[in-house]
Amino acid sequence: MSGAVATPLMQQYREIKARHQSAILFFRMGDFYEMFYDDAETAARVLGLTLTSRNNGGAAEVPLAGVPVRAGQEYLRRLVQHGYRVAICEQVEDPRVAKGIVRREVVETVSPGVAFADELLDSARNNFIAAISRHAEATGRATIGIAAADISTGELRLAVVPLEELEAMLARLAPREVLVPRGDVSLPRTPSLDGALVTERERWEFDEPLGREDLARQFGVQGLDGLGLEAQDDPAVGAAGALLRYLKELQPGGVPHLARPQVERAGGAMPLDEMTRRNLELVESLRGGSTEGTLLSVLDRTQTPMGARLLRQWLLAPLVDRKAIDARLDAVEALVRDASARDALRTALDGVRDAERLGGKAAAGRATPREVAALGASLARLPDVHRAVLPLEGAGVIGTLMARWDSCAEMATRVLDTLVERPPLQLGEEATIAPGVDAELDQLRGLRDGGKDAVARIQAEERARTGIASLKVGYNKVFGYFIEISNANRHLVPDDYQRRQTLTGGERYVTPALKEYEERILTAAERIETRERELFETLRAAVGGEIARIQCAARIVAELDALAALADVAAREGYARPTLTDDFQLTIVAGRHPVVERMMPRDKFIPNDVQLPEDARLVILTGPNMAGKSTLLRQVGLIVVLAQAGSFVPASAATIGVCDRVFTRVGASDNLVRGQSTFMVEMAETSAILHLATRRSLVLLDEIGRGTSTYDGVSIAWAVSEHLHNSVGCKTIFATHYHELVQLADELAAVRNFNVGVREVGDQVLFLHRLQPGGADRSYGIEVGKLAGLPDPVISRAREVLRLLEGEAERLVPTLARSGANAGRDKRRTVPPVDQLGLFAVTPHPVVERLRATDVNTMTPMAALQLLAELADRARA
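No experiment lies behind these values; they were computed from the predicted model shown.

Participant: Looking at this structure, how should I read the overall build of the protein chain?
Facilitator: What the protein chain contains, in helices and strands, is 29 helices and 26 strands. The buried share of the protein chain, taken over its 877 residues, is 52%. Accessible surface computed for the protein chain: about 40400 Å², of which carbon and sulfur atoms make up 51%.

Right, dumping it as structure tokens:
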């Protein structure tokens, strides 16, 4: 900023901007939000505004850009979506009564993670802001304290996780904004933070003692025991302190609607890392990040935004406590069996709006009249929800929910009785408060709306009082209201009449009563708006004061909605209730892929049985391309996730030993932004699986090692399989085109071979999509290439090369098998080196072949010269 002498206005701007340097400042000036200096240049670039300049009272010209207040929300949305913070600086003083410069204050700062406006939020997912800090335990193991808040719903979550589970936790929260200690390079940059606004805060803000004070002050408690916090939660308490301090900076009015923290501890939910969430397409498609074609798109038949958000959370955090899973399944089963109760519940829920976010707006003093009315209408439907659930109260988790039920009936009644049927978006546009609520307001409206009647009444009264039958009461913009009397009746004018204007044929007068009436009627509209504002703000504050009850009711409704959605899908799609056990076994009878089966006629999808008992826990799955190996892998993973989320599953029956983790490595992906190739990403993901998987995990691998040379790939795949079998002992399905791996079944006790069947009819290949025992003998890759339309010469040449390569590769399998069998007896034994396959040496040049067939010992000199000339001609050809 220039050092020239500034006007008082620019001095005020600079003082406010100095307190909000990290945000673009929307500086209210009349009907515009103005931006200056760097803010103006940024806004002009991002929003496409015209950049102008303003004289600063000196020699300097100040860059300037502005947007109309009425369109401010749209420009605000665009800036926030580009990752900027925006501080809203409003005029907090009436310019008509201001002495000097109008007083201005920043009333809120909006950022990607701190927003109330619907335009900045997705109704079907939370909008979290998270604070994370790293702590080293006495054992040297690193733990991460996480505090996450969604101020639009009032949720606050605290968690302490091992460093290796940070990615899974962030993948579940998907925060739009993250606070980290300044200069802390020990925190890993995880894929889940891509696109998030990362804000550095001073390290001392993450101190645990300060966090304790901040939490106690926020929730009005003496100690944190009442919040369910223990010593093991200290890292999260420090992060919560930093988060609360930041929120209060951005929201000067505070965050009174923030609910008491939900504390998450290890063992409560299954961590799903980013690659598993992505590969299984739980909530986002691999094809563009939308929900289309995902598990969520199949299951989300919720009726309310709260239910949609909760269902998404359930899919990203499957349960690992068998009793909790069964309690959820009991509720779903009751809703599946009682179709009438299910339909009644879904019908009652259909009219419930986003009570969670509407209540948060009311508590924060931001709800408009229409939003408060929507909240009241939503609460008014809760008795219908309760009646629909009554037949199911003893079913699993529903009983627990209904023990906390609160219909908020008196709150709904007060809102609906106070507001008109369709309130305006903003106060002052139309009537907000219903007639009969407030006598003063009704009188003001009568004064404003009954002007003609009032004039006629005054005129009649004055005629009676004066005896002047021709007396008239009139109005004009210059003199206001007046009483007009002809000259012939001037002698009858009472003493309290005051002459206002002389006319040719008479006089115009006013009386104290008429002046009082004029004052009342001319100011009635302004007073109506003021009184309506008072009454509405009183109502909004009363509703906001009940935010804890609203949040409790909204969360119960959300859970009922999610359960009803799961039951509706199960009933319509023919899902079965899974049996959860604490045993090892995984058995799926006639399992189906929940997404793929929806994309084809029901009788076209081929179901498959899968069994993974402890003595056959590792399946080597072979088969041709396009046969459905990857679909089967994803299908098994989705069924396990669904079951542990408390849902019925697409199968005839399923018995599932509760898994602590599900890991998938399916498909190839580059991470060029981080300088990682496809193979490097594949190896990093495989490494994470091998380090984190336990005996209770489910591991689903597809094509490990294909990103490098053939023998390197086979070697890695072989070693990974051995490690999972011998050292981890988890349930594993390994899909591969390396047919050499089928030899593992001869070497390792718990390995079984399966393949996805095909049938050859002439030169055609039929894909049966049926899982069957045994290994496949070929991959039919060339046949798939033919189906894809590769040119015939390419197909023919590929068949020639394949025959040569298959003969050369036969040496590899016995070597690997001997190595695997002897690995336990001789740790020093290594696999003998094998040459790479000779792709470019399999077709020698004709000249070379001719020379190789020639016996020079039997040739005459003349014949040798003739042969040399012939070879020279062929080489030049």
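After that view of the structure, there is still more to cover.
Participant: Is there a simple way to explain the pattern of salt bridges in this structure?
Facilitator: Side chains that differ in charge, positive against negative, can pair when their charged atoms come close. Per the stated rule, a full pass over the model turns up 58 salt bridges. Measuring nitrogen to oxygen at the nearest pair gives 3.0 Å for the salt bridge that ties aspartate 214 to arginine 217. Of the two residues, aspartate 214 and arginine 217 are both situated in helix α5 (residues 208-219); the distance of three residues between them amounts to about one turn of the helix. One continuous salt-bridge network, built from bridges that share partners, spans Arg322, Asp326, Asp330, Glu333, Arg337, Arg577 and Asp582.

Participant: Any chance you could explain the packing of aromatic side chains here in plain terms?
Facilitator: Aromatic rings considered in pairs are described by the distance between their centres and by the relative angle of their planes. If you walk through the whole model with that rule in mind, you get eight aromatic pairs. In this structure an aromatic cluster arises from ring pairing among Tyr13, Phe27, Phe36 and Tyr37. If you follow arginine 28 out to its NZ or CZ, it ends over the ring of tyrosine 33, 5.9 Å from the centre. The ring of phenylalanine 482 carries the charged tip of arginine 508 above its face, separated from the ring centre by 4.2 Å.

Participant: Looking at this structure, how should I read the sheet that holds strand β7 (residues 129-136)?
Facilitator: The six strands lie next to each other as β11-β10-β7-β8-β9-β12, forming an open sheet whose pairing is mixed. What marks the edges here is a single partner per strand, and that holds for β11 (197-201) and β12 (262-264). Each adjacent strand pair in this sheet contributes to an overall mean axis angle of 20°, direction not counted. Examined bridge by bridge, strand β9 (residues 155-162) and β12 share three bridges and lie parallel to one another.

Participant: What is the right way to read helix α10 (residues 322-337) from this model?
Facilitator: Because each turn of an α-helix spans 3.6 residues, side chains separated by three or four positions in sequence point in the same direction. Between its first and last C-alpha atoms α10 spans 22 Å; for 16 residues at 1.5 Å apiece the expected length is 22 Å, and the two agree. Among all positions in α10, only Ile325, Asp326, Arg328, Leu329, Ala331, Val332, Glu333, Ala334 and Leu335 are buried. Summarising the contacts, the buried residues of α10 are in contact with α9 (305-316), α11 (339-349), α15 (397-402), α20 (547-573), β17 (579-581) and α21 (629-644). The opening residue of α10 is aspartate 321, an N-cap whose side-chain oxygen sits 2.9 Å from the backbone nitrogen of lysine 323.

Participant: Looking at this structure, how should I read the side chain of arginine 85?
Facilitator: With respect to the helices and strands, arginine 85 occurs in the loop between α3 (72-81) and β5 (86-91). On the basis of relative accessible area, arginine 85 is assigned to the buried category, the value being 11%. A distance of 2.8 Å separates a polar atom in the side chain of arginine 85 from a polar atom in the side chain of tyrosine 246. With residues up to four places along the chain from it excluded, the contact list for arginine 85 reads Ser22, Ala23, Ile24, Thr109, Val110, Ser111, Glu177, Leu197, Thr199 and Tyr246.

Participant: Mind showing me how you'd approach α9 here?
Facilitator: With 12 residues, α9 extends 17 Å from end C-alpha to end C-alpha; this agrees with the ideal 16 Å at 1.5 Å per step. Among the 12 residues that make up α9, 11 are buried, leaving the element largely enclosed by the rest of the structure. For α9, every residue scored as buried is listed here: Met306, Gly307, Ala308, Arg309, Leu310, Leu311, Arg312, Gln313, Trp314, Leu315 and Leu316.

Participant: I would appreciate a short explanation of unusual backbone geometry in the present structure.
Facilitator: Outside of glycine, negative phi angles account for most residues, and trans bonds account for most peptide bonds. Even without being glycine, tyrosine 37 reaches a positive phi, approximately 55°. Locating tyrosine 37 in the fold gives a position in helix α2 (residues 37-47). On the basis of relative accessibility, which here comes to 10%, the residue tyrosine 37 falls in the buried class.

Participant: Just to check I follow, could you spell out the environment of glutamine 585 for this structure?
Facilitator: Relative to the helices and strands, glutamine 585 resides in the loop between β17 and β18 (586-591). Spatially, the C-alpha atom of glutamine 585 lies 4.5 Å from that of proline 613, the residues being 28 residues apart in sequence. Discounting residues that sit within four places of it in the chain, glutamine 585 has contacts with Gln611, Leu612, Pro613, Thr655, Ile656 and Gly657. Among the polar contacts listed, one links the side chain of glutamine 585 to the side chain of threonine 587, at a separation of 2.5 Å.

Participant: What is the right way to read the environment of leucine 272 from this model?
Facilitator: Position of leucine 272 relative to the elements: it lies in the loop between β12 and α7 (274-279). With relative accessibility at 2%, the residue leucine 272 sits in the buried group. Sequence spacing of leucine 272 and aspartate 660 is 388 residues, and the spatial spacing of their C-alpha atoms is 9.8 Å. Once you skip the residues sitting within four places of it in the chain, leucine 272 turns out to touch Ala168, Ala171, Leu282, Leu315, Leu316, Pro318 and Val662.

Participant: Where do I start with the sheet that holds strand β13 (residues 472-476) in this structure?
Facilitator: The pairing of strands in a sheet comes from backbone hydrogen bonds and takes either a parallel or an antiparallel form. The four strands lie next to each other as β13-β14-β16-β15, forming an open sheet whose pairing is antiparallel. Because the sheet does not close on itself, it has two edges, and the strands there are β13 and β15 (498-502). Looking at each pair of strands side by side, their axes are set apart by 40° on average, direction ignored. Pairing of β13 with strand β14 (residues 480-486) involves five bridges; the strand directions are antiparallel. Of the residues in β14, the one forming a bridge with asparagine 476 is glycine 480.

Participant: Would you take a moment to explain the pairing of strand β21 (residues 653-657) for this structure?
Facilitator: A regular strand carries its side chains on alternate faces of the sheet. Across three bridges, the pairing between β17 and β21 is parallel. Its bridge partner being in β21, threonine 579 is matched across the sheet by threonine 655.

Participant: Where do I start with the state of the cysteines in this structure?
Facilitator: Covalently bonding the sulfur atom of one cysteine to the sulfur atom of another cysteine gives a disulfide. All told, the structure shown has zero disulfides when counted by the stated rule. The thiol sulfur of cysteine 408 is not disulfide-bonded, and the nearest other cysteine sulfur, from cysteine 552, lies at 8.1 Å.

Participant: Sorry if this is basic, but what is going on with the packing of helix α13 (residues 369-380) against helix α16 (residues 409-418) here?
Facilitator: How two helices pack is summed up by the angle between their axes together with the distance between the axes. Two numbers describe how α13 lies on α16: the axes approach to 8 Å, and their chain directions differ by 135°. Taken as axis vectors, α13 and α16 run oblique relative to one another. The interaxial crossing formed by α13 with α16 has left-handed handedness. When α13 is examined against α16, the residues Val372, Ala373, Gly376, Ala377, Leu379 and Ala380 are found in contact with a partner set consisting of Met411, Ala412, Val415 and Leu416. Looking at the contact of α13 with α16 residue by residue, the class counts come to nine nonpolar, one polar and no charged.

Participant: Explanation requested: the confidence of the model for the protein chain in the structure shown.
Facilitator: Per-residue confidence for the protein chain gives a mean pLDDT of 86; residues scoring 70 or more make up 90%. Long-range and interchain partners of residues 670-675, a stretch whose pLDDT sits below 50, account for 10 contacts in this model, where long-range means more than four residues apart.

Participant: Help me out: how do you make sense of a nonpolar patch on the surface in this one?
Facilitator: Taken together, the side chains of Met862, Leu865 and Leu868 make up a nonpolar region of the molecular surface, amounting to roughly 340 Å² of accessible area. Take leucine 868: it is sitting in helix α29 (residues 861-876). A relative accessible area of 56% places leucine 868 in the exposed class.

The rules we used
Residues numbered from 1 in each chain as written. Predicted model: local features only at pLDDT ≥ 70, side-chain atom pairs only at ≥ 80, totals over all residues. Heavy atoms only, no water. Helix = DSSP H or I, 4+ residues; strand = E, 2+ residues; numbered from the N terminus. Buried < 20%, exposed > 50% of the residue type's maximum accessible area, 1.4 Å probe, protein only. Areas by Shrake-Rupley, 256 points an atom, 1.4 Å probe, with all protein chains shown as cover. Salt bridge = Lys/Arg side-chain N within 4 Å of Asp/Glu carboxyl O. Phe/Tyr/Trp six-rings, centres within 6.5 Å; stacked < 30°, edge-to-face > 60°. Lys NZ or Arg CZ within 6 Å of the ring centre and 35° of its normal. Pairing = 2+ DSSP bridges. Axes fitted to C-alpha atoms, helices over the stretch in contact; angles between N-to-C directions. Expected span 1.5 Å × (residues − 1). Contact = heavy atoms within 4.5 Å. Polar contact = N/O pair within 3.5 Å; in protein donor to acceptor, adjacent residues only side chain to side chain. Disulfide = S-S within 2.5 Å. Parallel < 35°, antiparallel > 145°, perpendicular 65-115°, else oblique. Left-handed = near helix turned anticlockwise from the far one by under 90°. Nonpolar A, V, L, I, M, F, W, Y, C, P; charged D, E, K, R; others polar. pLDDT = per-residue confidence, 0-100. Patch = residues over 30% accessible without salt bridge, like charges linked within 9 Å, V, L, I, M, F, W, Y side chains within 5 Å.

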